[in-house]
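Each chain, written out:
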Amino acid sequence: MSPLLTIDDLSVTFARAGLLSRLVNPFPLPSFNVIDGVTLSLMPGETLGLVGESGSGKTTLARTILGLVRAAAGRIVFEGRDVRTPADFRAMRRRSAMMFQDPVASLSPRLRIGTLLTEPQIIQGLPMPDRRAVAKALLALVGLPASFVDRFPHELSGGQARRVGVARALAMKPHLLLADEPTAGLDVSVQGDVLNLIGDLKRELGFAAMIVTHNLAMIRHVSDRLAIMYLGRLVEAGPTQDVFCAPMHPYTATLIQSEPIPDPRRRSQNPAVTGEIPSVFRRPSGCEFHTRCPIARDRCKTEAPTYRPMGTDRMVRCHFPLQTGGQEREAFSRASANQKGKLT
Ligand code: SF4
């Protein structure tokens with residue numbers, strides 16, 4: 001089977017300064033890679049979790065795939081076609097959709113839900129003899145009553161707004177759904193409802209999904225594969241359960257260890273990733289994670305690691321990956337135990 005989506009060596013560049021600096025500074029401003037050489041693929045019907053802290057570049061990557069941010073280098077191939085030509089890019093946009101993190105903020109507050117749900121088809125010029133009927137069918141798809149066609153976005157609860165966001169994203173029957181933090185800001189019980197809804201609709205309609213999140217507990221139960229990002233680079237990728245059971249990159253391992261344990265007596269014992277994520281404008285030399293890595297060595301400070309395939313379906317970007325029974329995993333466990341000791 002061919003991939004639905006392939007991202008090949010994709011980079012995105014931002015200039016550092018704001019508008020004022022541009023006006024007073026006549027020279028070209030230095031630019032920095034906020035996404036740097038990312039290569040990924042997504043199979044039809046698959047769910048990929050794109051995971052990382054705030055500032056890791058995961059949302060920028062998702063927005064670049066949909067053309068909301070311009071790529072500086074690399075290729076995006078969707079359903080076998082390089083989307084650099086305008087015609088192929090338009091075809092991709094018709095068959096892909098983004099569900100934004102704050103669906104109410106992303107919807108026009110002056111338009112009723114019925115209008116908002118059918119806007120994508122109108123923009124694409126699709127014939128729609130009965131707009132209200134189409135909107136009611138979309139509401140039914142996401143388990144909301146037909147009467148919601150006449151509501152305004154501010155009249156929705158958080159969970160209802162997320163459902164409307166799902167319905168709007170699916171209005172064009174996309175082959176690919178990109179969901180940006182679909183459960184952020186929701187109560188835990190509502191988070192489960194939204195994820196179950198996306199999972200049910202995926203099974204029913206057969207689309208693939210890329211879910212951008214920092215919520216590892218959530219993504220563990222809904223994704224087939226994980227891609228972990230740090231400072232605009234992919235550091236680890238593989239099947240979800242394999243990555244959770246035996247993370248190979250120290251960043252992934254620390255993120256997993258940092259997940260809250262549903263036991264109040266043990267909650268404080270897991271070490272979080274120490275320190276702040278550096279700015280992409282001051283990317284550390286060598287391995288970008290060496291300033292926070294518990295097992296960093298001298299080599300890590302000067303030599304950037306390259307992507308290493310680990311078996312048939314995993315990759316890691318680390319000089320000293322944590323392998324079962326290996327000395328790096330032991331060193332990582334010792335460092336984590338020391339960190340736990342400091343926290344307790
Ligand atoms: Fe840590 Fe070195 Fe691996 Fe980077 S290359 S993650 S610093 S061990």
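Worth saying up front: this structure is predicted, and the values here are computed from it rather than measured.

A. Quick peek at the sheet that holds strand 1 (residues 5-15). Here we have 4 strands laid out as an open sheet, ordered 2-1-4-5, and antiparallel in their pairing. Edge positions in the sheet fall to strand 2 (31-42) and strand 5 (81-82), since each of these pairs with one other strand and no more. The pairing of strand 1 with strand 2 spans 8 bridges and is classified as antiparallel. Residue pairing for strand 2: I7 is matched across the bridge by L40. Across the face of the sheet, helix 2 (residues 58-65) comes into contact with strand 1, strand 2 and strand 4 (73-78) while running at roughly 115° to strand 1.

B. Representation of the pattern of salt bridges. Overall, the coordinates contain 17 salt bridges when judged by the stated rule. As a salt-bridge pair, R95 and E79 come within 3.0 Å of each other at their nearest N and O atoms. Here the residue R95 occupies a position in the loop between helix 3 (86-94) and strand 6 (96-99), and E79 occupies one in the loop between strand 4 and strand 5, the gap between them amounting to 16 residues. According to the relative accessible area criterion, E79 is partly exposed, its value standing at 31%. Its salt-bridge partner being R132, residue D150 comes within 3.0 Å of it at the nearest N-O pair. Within this pair, whereas D150 is found in the loop between helix 6 (131-141) and helix 7 (158-169), its partner R132 is found in helix 6, the two being separated by 18 residues in sequence. Residue D150 is classed as partly exposed on the basis of its relative accessible area of 37%. Several salt bridges share partner residues, and in doing so they unite D8, R75, D82 and R84 into one network.

C. Here's a closer look at helix 7. Along its 12 residues, helix 7 runs 16 Å from first to last C-alpha, staying within 8% of the 16 Å computed at 1.5 Å per residue. Counted residue by residue, helix 7 has 9 buried out of 12 residues, so it is predominantly covered. Within helix 7 the residues assigned to the buried category are G159, A161, R162, R163, V164, G165, V166, A167 and A169.

D. Highlighting the site of the ligand. Contacts to the ligand come from H249, P250, C287, F289, H290, C293, I295, A296, C300, C318, H319 and F320. A class-by-class count of the residues in the shell around the ligand yields 9 nonpolar, 3 polar and no charged.

E. Inspection of the side chain of E181 at higher detail. Looking at the secondary structure, you find E181 in the loop between strand 7 (176-180) and helix 8 (188-205). For E181, which is buried and forms no salt bridge, the nearest opposite charge comes from K58, at a distance of 4.1 Å. Reaching out from E181, the side chain makes a polar contact with the side chain of T213 at a distance of 3.4 Å. Among all residues touching E181, those that are not within four sequence positions of it are K58, Q101, R162, V212, T213 and H214.

What counts, and where the lines are drawn
Residues numbered from 1 in each chain as written. Predicted model: local features only at pLDDT ≥ 70, side-chain atom pairs only at ≥ 80, totals over all residues. Heavy atoms only, no water. Pairing = 2+ DSSP bridges. Helix = DSSP H or I, 4+ residues; strand = E, 2+ residues; numbered from the N terminus. Contact = heavy atoms within 4.5 Å. Axes fitted to C-alpha atoms, helices over the stretch in contact; angles between N-to-C directions. Salt bridge = Lys/Arg side-chain N within 4 Å of Asp/Glu carboxyl O. Buried < 20%, exposed > 50% of the residue type's maximum accessible area, 1.4 Å probe, protein only. Expected span 1.5 Å × (residues − 1). Near = heavy atom within 4 Å. Nonpolar A, V, L, I, M, F, W, Y, C, P; charged D, E, K, R; others polar. Lys, Arg positive; Asp, Glu negative; His and termini not counted. Polar contact = N/O pair within 3.5 Å; in protein donor to acceptor, adjacent residues only side chain to side chain.

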